[in-house]
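# Structural overview
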Amino acid sequence: MSDCLFCKIIAGEIPSTRVYEDETVFAFRDINPQAPTHVLVVPKAHIADCNGVSAENSAVVAHIFEVIPKIAAAEGLINGYRVVSNCGSDAGQTVQHLHFHILGGKVLNLEMA
Ligand code: AMP
Ligand code: ZN
């Protein structure tokens, strides 16, 4: 997707602080961190949001959930962390490329909404 912010970050056209990369997944620090550790994990292939996950592309989502504990461990999140994916405007999704927030490094607010 030529007009997608996260596709441009994955392509290196917009700078980011990379924390993990493999063939199908890219992870980088959120530019506006909401916790001491705030990492975004994204598929390299453009998927708009959770509604775009299908039988054809769900393997990358499974892989993201294999990668998340590795990133959390590398970030030293031994006491736990939160994984969040906002889908659509009511959830406050601002970038239309599927992403999973990893939040940690402090005791997180328990409010979900
Ligand atoms: P969401 O609101 O769930 O769509 O999350 C989008 C996230 O992308 C927000 O937490 C933003 O702070 C983050 N973000 C926006 N632009 C950038 C950027 N250039 N580099 C890193 N993170 C970004
Ligand atoms: Zn994209």
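Before going into details, it helps to say that this report is about the structure given with it. (Residues numbered from 1 in each chain as written. Chains lettered and ligands numbered in written order. Predicted model: local features only at pLDDT ≥ 70, side-chain atom pairs only at ≥ 80, totals over all residues. Heavy atoms only, no water.)

### Focus: the pairing of strand β5 (residues 100-104)
- By the criterion of burial, β5 is predominantly enclosed, with five of the five residues buried.
- Both faces of β5 are covered, namely the face carrying Phe100, Ile102 and Gly104 and the face carrying His101 and Leu103.
- Where strand β3 (residues 37-43) and β5 come together, five bridges link them in antiparallel fashion. The residue bridging histidine 38 from the neighbouring strand is leucine 103, located in β5.
- Of the strand pairs in this sheet, strand β4 (residues 81-84) and β5 are connected by four bridges, and their pairing is antiparallel. Looking at the pairing, tyrosine 81 lines up with glycine 104 of β5. (Buried < 20%, exposed > 50% of the residue type's maximum accessible area, 1.4 Å probe, protein only. Helix = DSSP H or I, 4+ residues; strand = E, 2+ residues; numbered from the N terminus. Pairing = 2+ DSSP bridges.)

### A word on the coordination of the zinc ion (ligand 2)
- Ligation of the zinc ion (ligand 2) by protein atoms is provided by Cys4 (SG), Cys7 (SG), His46 (ND1) and His97 (ND1), these donors lying 2.0 to 2.3 Å from the ion.
- One can describe the site at the zinc ion (ligand 2) as tetrahedral: its four donor atoms subtend angles covering 105 to 116° at the metal.
- Mapping the donors of the zinc ion (ligand 2) onto the primary sequence gives the spacing C-x2-C-x38-H-x50-H. For the residue pair cysteine 4 and cysteine 7, the accessibility class agrees, reading buried in each case. (Donors = N, O, S within 2.8 Å, 3.2 Å for Na, K, Ca; no water. Tetrahedral: all angles 85-135°; square planar, octahedral: opposite > 155°, others 65-115°.)

### Things to note about the nonpolar core
- Residues Val41, Ile71 and Ile102 are the most contacted members of the largest nonpolar core, which totals 16 residues.
- Contributions of two or more residues to this core are made by β2 (25-29), β3, α2 (58-74) and β5.
- Broken down by element, this core gets its largest block of residues, seven residues, from α2. (Core = buried A, V, L, I, M, F, W, Y, C linked by side-chain atoms within 4.5 Å.)

### Points about a nonpolar patch on the surface
- The grouping of Phe65, Tyr81 and Val83 at the surface amounts to a nonpolar patch, some 250 Å² of accessible area in total.
- By secondary structure assignment, the location of phenylalanine 65 is in helix α2.
- By relative accessible area, phenylalanine 65 is classed as partly exposed at 42%. (Patch = residues over 30% accessible without salt bridge, like charges linked within 9 Å, V, L, I, M, F, W, Y side chains within 5 Å. Areas by Shrake-Rupley, 256 points an atom, 1.4 Å probe, with all protein chains shown as cover. Salt bridge = Lys/Arg side-chain N within 4 Å of Asp/Glu carboxyl O.)

### Considerations on the site of ligand 1
- Around ligand 1, the surrounding shell holds 16 residues, and the nearest of these are Asp30, Asn86, Thr94, His99 and His101.
- The protein chains hide 84% of the 500 Å² of surface that ligand 1 would expose on its own.
- At a threshold of 2 Å from the grid points, most atoms of ligand 1 map onto the largest pocket.
- Those elements that provide at least two residues to the shell around ligand 1 are α1 (5-10) and β2.
- The element contributing the most residues to the shell around ligand 1 is α1, with three residues. (Near = heavy atom within 4 Å. 1 Å grid on protein atoms, 1.4 Å probe; cavity = no way out; pocket = protein on both sides within 12 Å on 5 of 7 lines; lining within 4 Å. Sits in = over half its atoms within 2 Å of the grid points.)

### What about the pattern of salt bridges?
- Enumeration over the complete set of coordinates arrives at four salt bridges.
- Residue lysine 8 is joined to aspartate 3 by a salt bridge in which the shortest nitrogen-to-oxygen separation is 4.0 Å.
- Lysine 8 sits in the partly exposed class, given a relative accessible area of 25%.
- If you follow the salt bridges from partner to partner, you end up with Arg18, Glu21 and Lys44 in one network.

### A word on α2
- End to end, α2 covers 25 Å across 17 residues, agreeing with the expected 24 Å (1.5 Å per residue, within 8%).
- Taken as a whole, α2 has its buried residues at Val60, Val61, Ile64, Val67, Ile68, Ile71 and Ala72.
- The elements touched by buried residues of α2 are β1 (18-21), β2, β3, β4 and β5.
- Positive phi appears at glycine 76, one or two residues downstream of α2, with a value of about 80°. (Expected span 1.5 Å × (residues − 1). Contact = heavy atoms within 4.5 Å.)

Geometry only, nothing functional implied.
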